[in-house]
Amino acid sequence: MNILLIGSGGREHTLAWKLKQSPKLTKLYISPGNAGTASLGSNVAIDWKNFDTFKAFLLEQKIDMLVVGPEDPLVAGLHDTIASDAETKHIAVIGPKKQAAQLEGSKDFSKKFMLKYGIPTANYKSFTKETLDEGFKFLEDIKSPYVLKADGLAAGKGVVILDHLDEAITEFESMLKDEKFGAASKTVLVEEFLSGIECSVFVLTDGISYKILPEAKDYKRIGEGDTGLNTGGMGSVSPVSFADEVFMKKVESRIIEPTLNGLKNEKIDFTGFIFFGLIKVNGNPYVIEYNVRMGDPETESVIPRLETDLLELFIAAADKKLSTKKVLFSTKTTASIMLVSGGYPENYEKGKIIKGLDLVEDCLVFHAGTKENERGEIITNGGRVLALTAFGETKEEALAKAYLEANKIKFEGKYYRTDIGFDL
Ligand code: AMP
Ligand code: GLY
């Protein structure tokens, strides 16, 4: 089977690494990929936004399956375009069509969906420029902290949580009136603040049945103890101790099943991953957000625990036969540490030579922002540079191994959090 995987981060390197282990794989292409994916398949620079050249590539390389790592192509409707073109419609796509991708692409859509199907989530109201005054009034009536969310995709920056009413009013106005997040903030949600501990749960579904993957916790803030600016993610751990059997049963019956049933009821097909961003409040799970793809950096700790052939699962999902598959996981713990560029998530420099990759033992190295230069050296090419994933009998053992290896890798400005898993 020939596969094209879209994306360039640690998530995609991890997916590529897992797919590469399948005897069913013939050729693997990654677009655009990174220096890590280049060792597992062919990196190609083809723009999915230009369907003519994209289609030509799919046909020339006889691609059988497209695996979409990030959300943008899905929200933009790439799956729909492929499925509606006579020459490409035979290609399996892992990742939902546009309508289902609204679960991530529009927070207003996903909230309405949750409300309709009784899926626990924070109370909210949505507003537009036309209802600005009602929004002010609503903010005055509710308690701090104030959770403001741009409806659309805003590169992970569209959620703002503020303690003071005057700040909330100013931010709310700037999101709506000045379109601070562009079209994404034409509609803004004001949400009840939920206080609890978060974790990420993933399922692979064919729209009929589903398989729950190991849960994970990611660490989003740049600073130790979850302080400072939000990042794409500084590390992850799987499993998550507080997501015990009782909690996970509730997640399945109150969240996963009603979500899948809701999609069926709406006649919305879904092939791919659903990522449930959850928060545990008084022992009960609430949905913070849906994503229609795997998480990054959660993939780097979740997928290594998967013992089943991922490509077989993808094929079964595309054929709507997922119910016939068994999925096995390692009972070990994985910890993944993200090495980032100095200055990230604000300004940082690229092009720093990465040394010590050959010294890493007993640890998986997943590349995120890396590339190879003309001299064949691996250099930094993004804020998040490398994820190091280690296995352990315990979380402590996995973390100790990952940190030992993190020390061996050198590049100018290297930074990482030393407290991943601190709250578990
Ligand atoms: P989102 O992009 O929706 O995942 O939101 C980003 C982050 O904001 C989440 O991971 C939470 O930490 C936080 N957050 C979002 N909504 C709420 C809420 N209703 N209550 C508390 N925290 C929230
Ligand atoms: N780790 C959160 C995300 O991928 O959106």
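Everything that follows concerns the structure shown earlier in this document.
Everything in this summary refers to the structure shown in the same document. As the structure is a computational prediction, the values presented were derived from the model and not from experiment. (Residues numbered from 1 in each chain as written. Chains lettered and ligands numbered in written order. Predicted model: local features only at pLDDT ≥ 70, side-chain atom pairs only at ≥ 80, totals over all residues. Heavy atoms only, no water.)

1. Some words on helix 1 (residues 10-20)
- In terms of burial, helix 1 is largely enclosed, as nine of its 11 residues are buried.
- All of the buried residues in helix 1 are G10, R11, E12, H13, T14, L15, A16, K18 and L19.
- For helix 1, the elements touching its buried residues are strand 1 (2-7), strand 2 (27-32), helix 10 (299-302), helix 11 (310-318) and strand 19 (364-367). (Buried < 20%, exposed > 50% of the residue type's maximum accessible area, 1.4 Å probe, protein only. Helix = DSSP H or I, 4+ residues; strand = E, 2+ residues; numbered from the N terminus. Contact = heavy atoms within 4.5 Å.)

2. Focus on the site of ligand 1
- Residues in contact with ligand 1 amount to 14 residues; listed here are only the nearest, E191, E192, L194, E198 and E289.
- Measuring from an oxygen atom of ligand 1, one finds a side-chain N or O atom of E198 at 2.5 Å.
- Measuring from an oxygen atom of ligand 1, one finds a side-chain N or O atom of K220 at 3.2 Å.
- Its free accessible area being 470 Å², ligand 1 has 85% of it covered by the protein chains.
- When residues of the shell around ligand 1 are traced back to their parent elements, those giving at least two are strand 7 (146-150), strand 8 (159-162) and strand 17 (284-291).
- By residue class, the composition of the shell around ligand 1 is seven nonpolar, no polar and seven charged. (Near = heavy atom within 4 Å. Polar contact = N/O pair within 3.5 Å; in protein donor to acceptor, adjacent residues only side chain to side chain. Areas by Shrake-Rupley, 256 points an atom, 1.4 Å probe, with all protein chains shown as cover. Nonpolar A, V, L, I, M, F, W, Y, C, P; charged D, E, K, R; others polar.)

3. Considerations on the sheet that holds strand 10 (residues 197-205)
- With antiparallel pairing, four strands are arranged side by side in an open sheet as 11-10-16-17. In this open sheet, the two strands that pair with only one neighbour each are strand 11 (210-212) and strand 17. The average angle at which neighbouring strand axes cross in this sheet is 35°, direction not considered.
- One ladder, built from three bridges, connects strand 10 with strand 11; its direction is antiparallel. Across the sheet, V203 pairs through a bridge with I212, a residue of strand 11. (Pairing = 2+ DSSP bridges. Axes fitted to C-alpha atoms, helices over the stretch in contact; angles between N-to-C directions.)

4. Quick notes on the packing of aromatic side chains
- The final tally for this structure, using the stated rule, is 14 aromatic pairs.
- Note on F136 and F172: the rings are 5.8 Å apart at their centroids and 70° apart in plane angle, and the pair reads as edge-to-face. Residue F136 is located in helix 7 (residues 132-141), and its partner F172 is located in helix 8 (residues 165-176); the two are separated by 36 residues in the primary sequence. Of the two residues, F136 and F172, both sit in the buried class.
- Taken together, the ring pairs in this structure connect F113, Y117, F276 and Y290 into an aromatic cluster.
- Just above the ring of Y219 sits the side chain of K217; from NZ or CZ to the centre is 4.6 Å. (Phe/Tyr/Trp six-rings, centres within 6.5 Å; stacked < 30°, edge-to-face > 60°. Lys NZ or Arg CZ within 6 Å of the ring centre and 35° of its normal.)

5. A closer look at helix 5 (residues 98-105)
- Inspection of helix 5 places A100, A101, L103, E104 and G105 among the buried residues, and these make up the whole buried set.
- As for helix 5, its buried residues are in contact with helix 3 (72-76), helix 6 (107-116), helix 9 (245-265) and strand 17.

6. A word on the site of ligand 2
- Close contacts around ligand 2 come from D218, F275, N291, R293, G295, D296, P297 and E298, and that covers them all.
- Within the side chain of D218, one N or O atom sits 2.8 Å away from a nitrogen atom of ligand 2.
- Take R293: an N or O atom from its side chain is 2.9 Å from an oxygen atom of ligand 2.
- Surface burial for ligand 2 is 86%, taken as the share of its 200 Å² of free accessible area covered by protein chains.
- Of the residues belonging to the shell around ligand 2, the class tally is two nonpolar, two polar and four charged.

7. Things to note about a nonpolar patch on the surface
- The grouping of V159, I161 and F193 at the surface amounts to a nonpolar patch, some 240 Å² of accessible area in total.
- Looking at the element boundaries, V159 is found in strand 8.
- Its relative accessible area of 37% is what places V159 among the partly exposed residues. (Patch = residues over 30% accessible without salt bridge, like charges linked within 9 Å, V, L, I, M, F, W, Y side chains within 5 Å. Salt bridge = Lys/Arg side-chain N within 4 Å of Asp/Glu carboxyl O.)

8. A word on the nonpolar core
- Counting 48 residues, the largest nonpolar core has L4, F54, L66, I82 and F276 as the members making the most contacts within it.
- A per-element tally of this core places helix 9 first, with seven residues.
- Dropping the residues within four chain positions of it, L66 is found in contact with L4, I6, F54, L78, I82, I91, A92, V93 and I94.
- Judged by nonpolar contacts, the second largest core, of 32 residues, contains L15, L28, F273 and L311. (Core = buried A, V, L, I, M, F, W, Y, C linked by side-chain atoms within 4.5 Å.)

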